[in-house]
Amino acid sequence: MSNHTHALIIDDEPDIRELLDITLSRMGIKVDCAATVKQAMERLENNQYQVCLTDLRLPDGNGIDIVKWMQKNCPTLPVAVFTAHGNMDTAISAMKAGAFDFISKPVELEHLRSLINTALRLASEKELSNSDSPPLLGNTKAIEKLRKQITKVSRSQAPIYISGESGTGKELVARAIHYQGGRADGPFIPVNCGAIPSELMESEFFGHKKGSFTGATSDKQGLFQAANGGTLFLDEVADLPLDMQVKLLRAIQEKAIRPIGEDKEISVDIRVLSATHKDLAAEVQKERFRNDLYYRVNVIQINIPALRERQDDIELLSTHFLKKFAADCDSEPAKLSKDSLSALEQYHFPGNVRELENILERAYTLCDEDIIELEDLSLPVGDTAPHGEAPTSITDTPVDSLDDYLEEIEKEVISATLEKTKWNRTAAAKKLGISFRSFRYRLKKLGLDEDD
């Protein structure tokens, strides 16, 4: 640790101050202490700190008032608050006020060191940028506001709830929060809560010991342990069954998990981000989502705008996707004709950015001479409805994933055609009535390209 690393401890209990002073000094950190709000303010105004720890109850005021003051006067300084063990309401209030994190009393030194190291990684970053952070493309006010929110919340360890319609890019936002924060060097573990069978859920999240149940032939690390030191992203969190919600709540609050068949708990250091396309507050009202878990994962909420709310970004996003498709098959990017761009800008996009990408990918493989015409887009008839109005469904066929279903059909058709033409690609493309470029792109996308 650098000799320039400087921490401020604010607590009116001499024993606590001494314990923290010794612990941080051993980490190579210079420590200043304050016993009151007044002393703390004097220290903050006269010194440069990289991290601050404060108690909530002080003789002359409240630690949350210090957090709020710091948010205005030194917003880049991470501040963590001490809370009584199990008092999550206070911890949540502190993080809503802008605290970086919380730590329960009595203080566990392992948790303390982990918290300090994460805070210092943040404090040492001159700019909140990381090459692994995915770009959030767009110039509209809605997307600029979203980028600012991400920059702000990435400096905290508070649980974030990301809400938005399907296809808006919830995982993209979660990755940006992770890679712009102090955990960027740790793992980012995304999990689709709706895709795990309920009987395997506890084992998937918390792991299990060999022999703990039939079929447990070896030790298995759960998702919480896999995300240790990093971020666990719970996508479609509303799909968790109620019994699993109880276990998840406890793991988040205690910062510890117990694998199935293990007799002791294992500490985990993770940040939890969650998302769903459902209205989580409505799920709570219907008693399908636990109220206490809702307040635990929804300390700070970020709303992702629908694509129809940022219509002016469609041209920029389209150019990005078309360049990506071209790079995937080593060819020149296609361009949108004036009519096709106009149609996209009037379309309401119920599937948002993901739908735009799928429409353009299909059009890219069909177009001639690198120009995507209106007919290449194959937009659903009648779906250039006024913005905000959803079209009526044209099918009630239950399919888990339409993209996967169509991809399987495409794979079968192309494979059969290649067999008939004895793997002559030019002949196969001609037989299917598509350009050779389109055929080559589909082979690569479907994993049928024998050169790869």
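Residues numbered from 1 in each chain as written. Predicted model: local features only at pLDDT ≥ 70, side-chain atom pairs only at ≥ 80, totals over all residues. Heavy atoms only, no water.

**Q** Which residues make up the nonpolar core, and what values go with them?
**A** Counting residues in hydrophobic clusters, the biggest one holds 31 residues, and the most contacted among them are Phe205, Phe224, Leu232, Leu234 and Leu240. For this core, the secondary structure elements donating two or more residues are strand 9 (188-192), helix 8 (201-206), helix 9 (223-226), strand 10 (231-235), helix 10 (242-254), helix 11 (280-285) and helix 12 (291-297). At five residues, helix 10 tops the list of elements feeding residues into this core. By size, the runner-up hydrophobic cluster in this structure holds 29 residues, among which are Cys52, Ile64, Ile66 and Phe102. (Core = buried A, V, L, I, M, F, W, Y, C linked by side-chain atoms within 4.5 Å. Buried < 20%, exposed > 50% of the residue type's maximum accessible area, 1.4 Å probe, protein only. Helix = DSSP H or I, 4+ residues; strand = E, 2+ residues; numbered from the N terminus.)

**Q** Now, about the packing of aromatic side chains: what can you tell me, with residues and values included?
**A** A ring pair, where both rings are aromatic, is described by two values, the distance of the centres and the angle of the planes. Applying the stated criterion across every chain yields a total of seven aromatic pairs. Here Tyr294 and Tyr295 contribute two aromatic rings whose centre-to-centre distance is 5.2 Å and whose plane-to-plane angle is 70 degrees, an arrangement assigned as edge-to-face. Over the ring of Phe102 we find Lys255; its NZ or CZ atom is 4.4 Å from the centre of that ring. (Phe/Tyr/Trp six-rings, centres within 6.5 Å; stacked < 30°, edge-to-face > 60°. Lys NZ or Arg CZ within 6 Å of the ring centre and 35° of its normal.)

**Q** Can you break down the sheet that holds strand 9 residue by residue, with the values?
**A** Read across the open sheet, the five strands follow the order 9-10-13-8-14; overall the sheet is parallel. Both outer strands of the open sheet, strand 9 and strand 14 (300-303), are each paired with one neighbouring strand and no more. Neighbour-to-neighbour, the strand axes of the sheet open up by a mean angle of 20 degrees, direction not taken into account. With four bridges connecting them, strand 8 (residues 160-163) and strand 13 (residues 271-276) associate as parallel partners. In the strand pairing of strand 13, Ile162 is matched with Ala275. (Pairing = 2+ DSSP bridges. Axes fitted to C-alpha atoms, helices over the stretch in contact; angles between N-to-C directions.)

**Q** Can you tell me about the side chain of Arg442, naming the residues and giving the values?
**A** If you trace the backbone, Arg442 turns up in helix 19 (residues 436-446). Classification of Arg442 as buried rests on a relative accessible area of 16%. Polar contacts involving the side chain of Arg442 include one to the side chain of Thr365, which spans 2.9 Å. Leave out the neighbours within four places in its chain, and Arg442 touches Thr365, Leu366, Glu410, Ile414 and Ile434. (Polar contact = N/O pair within 3.5 Å; in protein donor to acceptor, adjacent residues only side chain to side chain. Contact = heavy atoms within 4.5 Å.)

**Q** With reference to specific residues and values, describe the state of the cysteines.
**A** When the sulfur atoms of two cysteines share a covalent bond, that bond is a disulfide. In the structure shown here, the tally under the stated rule is zero disulfides. Residue Cys33 stays outside any disulfide, its sulfur separated by 11 Å from that of Cys52, the closest cysteine. Lacking any disulfide linkage, Cys74 is separated from the closest cysteine sulfur, that of Cys52, by 8.1 Å. (Disulfide = S-S within 2.5 Å.)

**Q** Break down the pattern of salt bridges for me, with residues and values.
**A** Close approach of charged atoms allows side chains with opposite charge to pair. In the structure shown here, the tally under the stated rule is 17 salt bridges. Taking the shortest distance from any N to any O, the salt bridge between Asp101 and Lys255 comes out at 3.7 Å. Here the residue Asp101 occupies a position in strand 7 (residues 101-105), and Lys255 occupies one in the loop between helix 10 and strand 11 (256-257), the gap between them amounting to 154 residues. Look at Asp101 and you get buried, because its relative accessible area is 8%. Of the charged contacts, one joins Lys247 and Glu202 as a salt bridge, the two residues approaching to 3.0 Å between their closest N and O atoms. Placement of Lys247 in helix 10 and of Glu202 in helix 8 is noted, with a sequence separation of 45 residues between them. What makes Lys247 partly exposed here is its relative accessible area of 34%. When salt bridges that share partners are traced, they join Asp11, Glu13, Asp55 and Lys105 into one network. (Salt bridge = Lys/Arg side-chain N within 4 Å of Asp/Glu carboxyl O.)

**Q** Tell me about helix 13 (residues 314-328), residues and numbers included.
**A** End to end, helix 13 covers 21 Å across 15 residues, agreeing with the expected 21 Å (1.5 Å per residue, within 8%). All buried positions along helix 13 are accounted for by Ile314, Leu317, Ser318, Phe321, Leu322, Phe325 and Ala326. Buried positions along helix 13 lie against strand 15 (335-336), helix 14 (338-346), helix 15 (352-366), strand 16 (371-372) and helix 19. Of the residues trailing helix 13, Asp330 is marked for its positive phi of about 50 degrees. (Expected span 1.5 Å × (residues − 1).)

**Q** Outline unusual backbone geometry, supporting the account with residue identities and numerical values.
**A** With an omega of 0 degrees, the peptide bond running from Lys105 to Pro106 counts as cis. Here Pro106 shows up in the loop between strand 7 and helix 5 (109-124). Located in the positive-phi region is Glu287, a residue other than glycine, with phi close to 60 degrees. Positionally, Glu287 belongs in the loop between helix 11 and helix 12. Judged by relative accessible area, which is 65%, Glu287 ranks as exposed. Despite not being glycine, Lys422 shows a phi value in the positive range, around 55 degrees. Its location among the elements puts Lys422 in the loop between helix 17 (402-420) and helix 18 (425-432). Assessed through its relative accessible area of 74%, Lys422 is described here as exposed.

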